[in-house]
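Reading the structure
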Amino acid sequence: YSRTPEWPTTHLDLPGPTFLDYRHQLRKTHPSTERNLPRERNKAKRHGVEIKRLPHPEQHHEALHQLYDAHYQRLNQQPFPYQPSFFAQFAGRLGHTADIYAATIGDELLGATLLLYHGDSVHLPLLAFDPVRGHDAAVYFNLAYNEPIANCAAAGFRRLILGRTQY
């Protein structure tokens, strides 16, 4: 093992263009995880969680920064290393090669994840969620795995590279 100041990333090769293809593959290697997927997705639906792309992240830069800072403080005992302007400039600088997906109940922001696109791969480098409000609604698993897997597979991407804050 090598020492590193960063958590490693991992990748997930998607088997086909649907979430069902992923579930079939997962059933072979992790049957209990596959059986738990419908429970997680239904729990989010029951709580009214919506996970969708933020078309204008700059309009939510303060709320996104607060969410990421609280998440980073909780897990790393230090502030989020970027200023609120990071989210305000994100879409403008990266254009169609990046998105922010948000988990909300109504207008309440419960979580967010960044997606960076390159070729047939999507990198999810940063995730944040509110552990209190998001726990009962299964925000973490749906925002970190289920929805990105479903959306990326349907869009034709073949590999997800999962980032440091998804440990």
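Conventions and cut-offs
Residues numbered from 1 in each chain as written. Predicted model: local features only at pLDDT ≥ 70, side-chain atom pairs only at ≥ 80, totals over all residues. Heavy atoms only, no water. Buried < 20%, exposed > 50% of the residue type's maximum accessible area, 1.4 Å probe, protein only. Helix = DSSP H or I, 4+ residues; strand = E, 2+ residues; numbered from the N terminus.

Quick notes on unusual backbone geometry
Even without being glycine, Gln77 reaches a positive phi, approximately 55°. By relative accessible area, Gln77 is classed as exposed at 61%. A positive phi angle, close to 55°, is found at Ala138, a residue other than glycine. Considering the arrangement of structural elements, one finds Ala138 in the loop between helix 5 (131-135) and helix 6 (139-154). On the basis of relative accessible area, Ala138 is assigned to the buried category, the value being 10%.

A few points about the environment of Gly106
Mapping Gly106 onto the fold places it in the loop between strand 3 (98-105) and strand 4 (108-118). As a C-alpha pair, Gly106 and Ala155 span 49 residues in sequence and 26 Å in three-dimensional space.

Topic: the environment of Thr104
By the element assignment, Thr104 lies in strand 3. When its relative accessible area of 10% is taken as the criterion, Thr104 is described as buried. Sequence separation between Thr104 and Val139 is 35 residues; the distance between their C-alpha atoms is 9.0 Å.

The values are spatial; any link to function lies outside them.
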